[in-house]
Amino acid sequence: MGCNRNCGLVAGAVIGAVLAVFGGILMPVGDMLIEKTIKKEVVLEEGTIAFKNWVKTGTDVYRQFWIFDVQNPDEVTVNSSKIKVKQRGPYTYRVRYLAKENITQDPETHTVSFLQPNGAIFEPSLSVGTEDDTFTILNLAVAAAPQLYPNTFMQGILNSFIKKSKSSMFQNRTLKELLWGYTDPFLNLVPYPITTTIGVFYPYNNTADGIYKVFNGKDDISKVAIIDTYKGRKNLSYWSSYCDLINGTDAASFPPFVEKTRVLQFFSSDICRSIYAVFAAEINLKGIPVYRFILPSFAFASPFQNPDNHCFCTEKIVSKNCTLYGVLDIGKCKEGKPVYISLPHFLHASPEIAELIEGLSPNEEEHSTYLDVEPITGFTLQFAQRMQINILVKPAKNIVALKDLKHNYLVPILWLNETATIGDEKAEIFRNQVTGKINLLGLIEMILMSVGAVMFIAFTISYCACRLKNAK
């Protein structure tokens, strides 16, 4: 009887020890299996989960616009007063709904090249008005003319066309015209072969962005989705060759196994450069743990603070010899037009930049850029990329519409928020296929180790107690 009891206790302790050891072994083995599966499925090749969602996103992507409607155009033109603006929006379009085209795999370089077609569909239900809503905005052609043609003789010729077309510093345009293009009356009179259609995003519809060539991750998963070349170049030749401007991915995904210490770099053709985001917080997105990365204010710092921005300061007077921060000059990749980008409402910008603009209210929560990245796969499940487009206007004594100005104005035209969030159905699939299985494996590991440890300790104590009792 004593032997049977002792044998049973020993057997129980052994079983507990085996369970605990098995649970411990399952941890590295399970992690290895997860890593192997993830590395297989995030490769950008036919048949993987990543490739299917990469070719055509299954999540609706929206681009929201807020237009800065000028309230006092005559005061500014005549008296060089502060510009009073009123934000109107959002006006929402669905974008990035078209599948990538001309997808070509290169097995020798382990890259895949493609074109990204552009298209925008207006979403009335997500907008405050229609595409026919009218705004008083800066006259884009008049503002750019003296900076594109600084020669006095040329400005005199252009001025005659501006006067004849009755153009002024400001104009009234519909949303559709402002964004996607209109025939400018001043440019239409110029008897030279120039583009007479102008718009903030003209041309856009029925065009394509690229060619992009990105690494597919087949040979090195740490490079998956990272851009190798854009339009055949590793750097944009608008700036000098030492400006390393094409880095990272397109922000739709990043190499897997993202750590909090990683700096996420991503390229945007809209701003002609790569930019980066840093870890800010862990959040729960529809039951999926994600890391939130934010665009730091340092990304828009002056070249003295952030040498990476030396390429984006070409105008020395307005920028006070490149000491101001918060705006980037991208004119060189916009055919010389005086275009500057910033965060909305000049968030994190030098106070001097917005001195001549009234009606702005920078807000970190509404105007910052963030990416919510699932750390195991590297997939971006939610994002908000926010940017403001501004035009530099200078006094020009040879241009009648600008001759009374006494200040240099950095005029905000609009700001946009390109955003997307994984849908409920996609989130459920992701939980079932990725996070759910990983959590289940972790739960099994913990149960085996916990139950095994408890059994081993309990049966060992019972066995020792039984032996002690028998000895007495």
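Residues numbered from 1 in each chain as written. Predicted model: local features only at pLDDT ≥ 70, side-chain atom pairs only at ≥ 80, totals over all residues. Heavy atoms only, no water.

Enquirer: Provide a residue-level description of the overall build of the chain, including the pertinent values.
Expert: Within the chain one finds eight helices and 20 strands. The 472 residues of the chain split such that 48% are buried. Residue pairs in contact within the chain that sit at least 24 positions apart in sequence constitute 64% of those at least 6 positions apart. (Helix = DSSP H or I, 4+ residues; strand = E, 2+ residues; numbered from the N terminus. Buried < 20%, exposed > 50% of the residue type's maximum accessible area, 1.4 Å probe, protein only. Contact = heavy atoms within 4.5 Å.)

Enquirer: Talk me through the packing of aromatic side chains; I want residue IDs and the actual numbers.
Expert: With the rule as written, the count across this model stands at 18 aromatic pairs. Measuring from centroid to centroid gives 6.5 Å for Phe-379 and Phe-430, while their planes differ by 65 degrees, and the two rings are edge-to-face. Of this pair, Phe-379 sits in the loop between strand E18 (370-373) and strand E19 (380-393) while Phe-430 sits in helix H8 (residues 424-471); the two residues are 51 residues apart in sequence, bridging distant segments of the chain. Both residues of the pair, Phe-379 and Phe-430, count as buried. Members of the aromatic cluster, connected to one another through ring pairs, are Phe-51, Trp-54, Phe-114, Tyr-212, Tyr-230 and Phe-267. (Phe/Tyr/Trp six-rings, centres within 6.5 Å; stacked < 30°, edge-to-face > 60°.)

Enquirer: Describe the state of the cysteines, and please don't skip the residues or the numbers.
Expert: Evaluation of the coordinates by the stated rule reveals two disulfides. The disulfide partner of Cys-313 is Cys-322, and the S-S distance across this bridge is 2.0 Å. Linking Cys-313 and Cys-322, the disulfide has an S-S dihedral of approximately -95 degrees and is accordingly described as left-handed. (Disulfide = S-S within 2.5 Å.)

Enquirer: Which residues make up the environment of Leu-416, and what are the values?
Expert: Assignment of secondary structure puts Leu-416 in strand E20 (residues 409-421). Under the relative-accessibility criterion, Leu-416 is labelled buried at 4%. Spatially, the C-alpha atom of Leu-416 lies 4.5 Å from that of Phe-65, the residues being 351 residues apart in sequence. Excluding its chain neighbours within four sequence positions, the residues that come into contact with Leu-416 are Arg-63, Gln-64, Phe-65, Phe-201, Gln-385, Arg-386 and Met-387.

Enquirer: If you had to explain the pairing of strand E12 (residues 264-268) to someone new, which residues and values would you point to?
Expert: Counting buried positions along E12 gives four out of five residues, so the element sits mostly inside the fold. Where E12 meets strand E13 (residues 273-285), five bridges bridge the pair, whose relative direction is antiparallel. Each residue of the ladder has a partner; that of Phe-266, found in E13, is Ile-275. Hairpin remark: E12 followed by E13, antiparallel, with four residues in the connecting loop; positive phi at Cys-272, about 60 degrees. (Pairing = 2+ DSSP bridges.)

Enquirer: So what about helix H5 (residues 152-164)? Which residues, and what values?
Expert: Think of an α-helix as 3.6 residues a turn; residues three or four steps apart then line up on the same face. Helix length check: H5 (13 residues) gives 19 Å between terminal C-alpha atoms against 18 Å at 1.5 Å per residue, within 8%. Along H5, the positions that sit buried rather than exposed are Gln-155, Leu-158, Asn-159, Phe-161 and Ile-162. Relative to the axis of H5, the buried residues are bounded by an arc of 165 degrees and lie together on one face. Turned more than 90 degrees from where H5 packs its buried face, Phe-153, Lys-163 and Lys-164 sit exposed. Looking at the buried residues of H5, the elements they touch are helix H4 (140-148). By the N-cap criterion, in which a side-chain oxygen at the helix start approaches the backbone nitrogen of a residue two or three places on, H5 is capped by Asn-151, the distance to Phe-153 being 2.9 Å. Positive phi appears at Lys-166, one or two residues downstream of H5, with a value of about 60 degrees. (Expected span 1.5 Å × (residues − 1). Arc of directions from axis to C-beta. Polar contact = N/O pair within 3.5 Å; in protein donor to acceptor, adjacent residues only side chain to side chain.)

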